[in-house]
Amino acid sequence: MGKPLFYEILDKPATSCTIGLCTLIWFYIQKKNIGYSHVGLSYETAVEGHHWRIITSAFSHISVVHLVFNMSALWSLGVVEQLGHMGLGVGYYLHYSIVLVICSGLLVLVCYHVLINRFKIEYFRRVTAVGYSCVVFGWMTILSVKQPSSKLNLFGFLSLPINFAPFESLIFTSIIVPQASFLGHLSGIIVGYSISWGLIHGMNDYWAVCMVGWIVVVFVVSLKQSGAYDFGWLKIESVTDPTLPGTGRMLQMTSLLDGGDDIV
């Protein structure tokens, strides 16, 4: 007989919180009738300065099938949190989940840039990506290298050998979710291999806190600059420095204490 759900949640605290967050965001999106264009990441919006979409796109799901697939896979991959004896564990899971969100999002944009500017495929200029799949595929890949004997359970009845899971799931998602982003999933796999092979390494609590801090700063500033949200306490002004040749620009941020408040 399996372990009660309550104890499973205690064994996978970070995974459980992530699933809860993504589910709450999905309910909010459904209630407010928010579409892909409002939260998704595309090359066009990134060029316009909507860098905050790297974060919102990762945690947003529009389709319930997409949400269930991602969260089901993520729950199975939460076993990483229980492998502290192998150098993984909760801390490792949190540190590299942050890396996967940011690096896979940036890699998707780089791929779009190459396809648009090098190969002149304008279709990718407006392709909009949403979903936690980049991170899910990244963890599939890491686990396939670190623990190749593991199994990936989907929907409670489908079990895949973890060493083939990234590429099997790539095909499976393309069938059940036709709008799934092949580039998004592939980016997660590439970043996952980069982490598991040590090409991306050295994350610890210090660097994780620094990274989160910069993410918050860029998120807030890009929200303000893009006009997506008006922070009454934050002003960002363009100032020309007369001592520099040409029309050099710098950004000045002032805090006012008395102010008011394609599927991946």
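Read on for an overview of the structure. (Residues numbered from 1 in each chain as written. Predicted model: local features only at pLDDT ≥ 70, side-chain atom pairs only at ≥ 80, totals over all residues. Heavy atoms only, no water.)

1. Considerations on the layout of surface pockets
A probe matching the size of a water molecule, rolled over the atoms, marks out where space remains unfilled.
Here is step 1: Reported here for the largest pocket is a volume of approximately 670 Å³.
Here is step 2: Forming the boundary of the largest pocket are 23 residues, of which Leu21, Ile25, Ile55, Phe59 and Val101 lie nearest the centre.
Here is step 3: Elements represented by at least two residues in the lining of the largest pocket include exactly helix H2 (13-32), helix H3 (36-39), helix H5 (53-59), helix H7 (89-117) and helix H11 (205-226).
Here is step 4: Ranked by residue count, the leading element in the lining of the largest pocket is H7, at six residues.
Here is step 5: Grouping the constituent residues of the lining of the largest pocket by class yields 18 nonpolar, five polar and no charged.
Here is step 6: Put simply, the second largest pocket is a space of about 210 Å³.
Here is step 7: In terms of lining residues, the second largest pocket is bounded by His51, Trp52, Ile54, Ile55, Ile102, Leu106, Met211, Trp214, Ile215, Val218, Phe219 and Ser222.
Here is step 8: Among the elements that make up the lining of the second largest pocket, the one with the highest residue count is H11 (six residues).
Here is step 9: When the residues that make up the lining of the second largest pocket are grouped by side-chain class, the tally is 10 nonpolar, two polar and no charged. (1 Å grid on protein atoms, 1.4 Å probe; cavity = no way out; pocket = protein on both sides within 12 Å on 5 of 7 lines; lining within 4 Å. Points joined across faces, edges and corners; volume = space filled by probe spheres on them. Helix = DSSP H or I, 4+ residues; strand = E, 2+ residues; numbered from the N terminus. Nonpolar A, V, L, I, M, F, W, Y, C, P; charged D, E, K, R; others polar.)

2. Let's talk about helix H10 (residues 182-196)
Here is step 1: Given a rise of 1.5 Å per residue, 15 residues ought to cover 21 Å, and the 21 Å separating the end C-alpha atoms of H10 matches this to within 8%.
Here is step 2: Burial analysis of H10 places 12 of its 15 residues in the buried class, which makes it a mostly covered element.
Here is step 3: For H10, every residue scored as buried is listed here: Leu183, Gly184, His185, Ser187, Gly188, Ile189, Val191, Gly192, Tyr193, Ser194, Ile195 and Ser196.
Here is step 4: Among the structural elements, H7, helix H8 (133-146) and helix H9 (165-176) are those in contact with the buried residues of H10.
Here is step 5: Looking one or two places after H10, you find Gly198, whose phi comes out positive at around 85°. (Expected span 1.5 Å × (residues − 1). Buried < 20%, exposed > 50% of the residue type's maximum accessible area, 1.4 Å probe, protein only. Contact = heavy atoms within 4.5 Å.)

3. Thoughts on the nonpolar core
Here is step 1: Tyr112, Tyr132 and Trp139 are the most contacted members of the largest nonpolar core, which has 59 residues in total.
Here is step 2: For this core, the element with the most residues is H7, which contributes 13 residues.
Here is step 3: If we skip the residues at most four places from it in the chain, Tyr112 touches Tyr43, Phe124, Val127, Ala129, Ser181 and Leu183. (Core = buried A, V, L, I, M, F, W, Y, C linked by side-chain atoms within 4.5 Å.)

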